[in-house]
Structures are given as C-alpha cells and as structure tokens.
Amino acid sequence: MHDWDITFEQAKQIQQELRDKVREAPLPGPVRLVAGADASFSKGSDDMFAAIVVLDAKTLEVVDVGRAECRALFPYVPGYLSFREAPALLQAWEELDVEPDLLVCDAQGRAHPRKFGLACHMGVLLDIPTIGSAKNLLCGEHRDPAPDKGSYRSIYDREGEVIGSVLRTRAEVNPVYVSVGHKITLPAARRQIMRFSPKYRIPEPIRHAHNEVNRMRRAALE
DNA sequence: GCGACAG
DNA sequence: ATCTTGTCGC
C-alpha cells in the first residue's frame, strides 16, 4: 500500500505504475454481496465522511455498513479523485464484517485519462472486482443511447479504444457512465449495474452509500 | 492559448 | 461535491 500524503507528480506516477495491474476479465465467481462506496464533504471543508454499504445482491437489502471520517489530504482535481477519497473509503472498507464480492464506486474506472480512475485504484489495492459508475463523463466520446431502459453506447478514447459504456439505467432520464474497475468485463459490468438499478437511475449500492455519508455529515453538524 | 473537467 | 424551496409530474 503506497502513501497518500503525496505530490501531484507522485500521484501521476502511481497511476501509471498501477494501471498495468488492472485486470479486465470475467468475474471470479457469483455476486452474492455487492457494496457501494461514496464520500461526502461540506461546502468549503476537507472533512470527509466515507461509507461502504453492503447489500444482499438478491434482495438488495442492507447487510452491513463500514464508516470512516477523516481529513482529505489531496484537493479535488479532475483525474486525481482517488487521491482525495480512496484513503477514507479504504478505511471504511476495513470496518466491514463481511467480504463483498463486488464494489461499485461513484466514479470512473477505465474511462479515465490514464485508464486508472478511482474504481480501478480501489480494485487493485483491495484485489477485488470493482465497477465505476459515474453520473458525469470525465473523458472520451460517445453517441447518446436510445431513451429505453437498458440501452447503451460505447465510450471511446482518442485512439478509438472502448473505455466504457453510457448506460440508460432508467427510461427517459440521463444515463450513467459505466467502466471496468478491476476483475470484470465491460459487458458484465453493465449487466451488474442494470441488475442493481431496478427502479432508480443511480445503482442501489451507490444510492445507499450516498444516503449514508450524507446522514453522517449532517449528524456531525450536531 | 482555449476548452473540458469523476466527486 | 456543496449551497438551497418550491414546484411540476407520474
């Protein structure tokens, strides 16, 4: 595990070194427990609230929650989100009593300038399957998917390589940007995201994690 | 130099 | 990401 109190240049080097460890391969086994990760901050503060919420993949009921609160050591800079949020997310992961089969991150995976978004970073460090499911695009180009639930289009980088999918998790609403984090294929990632988005645009694991971190932050205001 | 830019 | 009330619509 590398340090987190680093410089901008060191962060870039770490991404370039770890990117080759990312494995885009079939899931090692069935997903029975799926986790969602998210972090929250107050307006001008670096006090960070992070949580990992674990759901039963079949019933989508919460079975465990890992929490962490600490000070972000890195600023938010597009392309370097993991250096701001991963420390707290990893700490929250350590608080879990169960072992999730998959982790869905509210960020990019391979759909990143250096093919190493937060989802990849978490996957490689924890050595588990991860998926990046973001609400906005960081980089790449794509055509808009049909308005139907489940429709999708590929996201391409400058070289024409597919780096992710724009997926319509709900009809008539904005899509989400899905990409491989680690130890999963893009088609499987899309399938899992659809499976965990039965009603809302945002996948259940992330939705729960988002609600949790906001509860934590509001409670901390006392 | 200009525009883009996860959370 | 966060700041913020009501409001339009299924």
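Residues numbered from 1 in each chain as written. Chains lettered and ligands numbered in written order. Predicted model: local features only at pLDDT ≥ 70, side-chain atom pairs only at ≥ 80, totals over all residues. Heavy atoms only, no water.

Describe the packing of aromatic side chains, naming the residues involved and giving the relevant values.
For the structure shown, the criterion picks out five aromatic pairs. Measuring from ring centre to ring centre gives 5.7 Å for F74 and F83, while their planes differ by 45 degrees; the resulting arrangement is tilted. Stacked on the ring of F41, the Lys or Arg R84 has its end atom at 4.2 Å from the ring centre. The cationic tip of R190 hangs over the ring face of Y152; the distance from NZ or CZ to the ring centre is 3.7 Å. (Phe/Tyr/Trp six-rings, centres within 6.5 Å; stacked < 30°, edge-to-face > 60°. Lys NZ or Arg CZ within 6 Å of the ring centre and 35° of its normal.)

Which residues make up the pattern of salt bridges, and what values do they have?
Scanning all chains against the criterion turns up 11 salt bridges. R71 is paired through a salt bridge with D47; the nearest N and O atoms lie 3.1 Å apart. Residue R71 is found in strand β3 (residues 62-71), and its partner D47 is found in strand β2 (residues 47-56); the two are separated by 24 residues along the sequence. Owing to a relative accessible area of 52%, R71 belongs among the exposed residues under this scheme. What makes D47 partly exposed here is its relative accessible area of 31%. The salt bridge partner of K135 is D106, with a shortest N-O separation of 3.0 Å. In this pair, K135 is assigned in the loop between β5 (130-134) and β6 (152-156) and D106 in the loop between β4 (102-105) and α3 (118-126), connecting sequence segments 29 residues apart. Classification of K135 as partly exposed rests on a relative accessible area of 34%. Counted as one network, the salt bridges with shared partners bring together E24, R110, K115, D157 and E161. (Salt bridge = Lys/Arg side-chain N within 4 Å of Asp/Glu carboxyl O. Helix = DSSP H or I, 4+ residues; strand = E, 2+ residues; numbered from the N terminus. Buried < 20%, exposed > 50% of the residue type's maximum accessible area, 1.4 Å probe, protein only.)

Interpretation note: all reported values are geometric properties and have no functional meaning in isolation.
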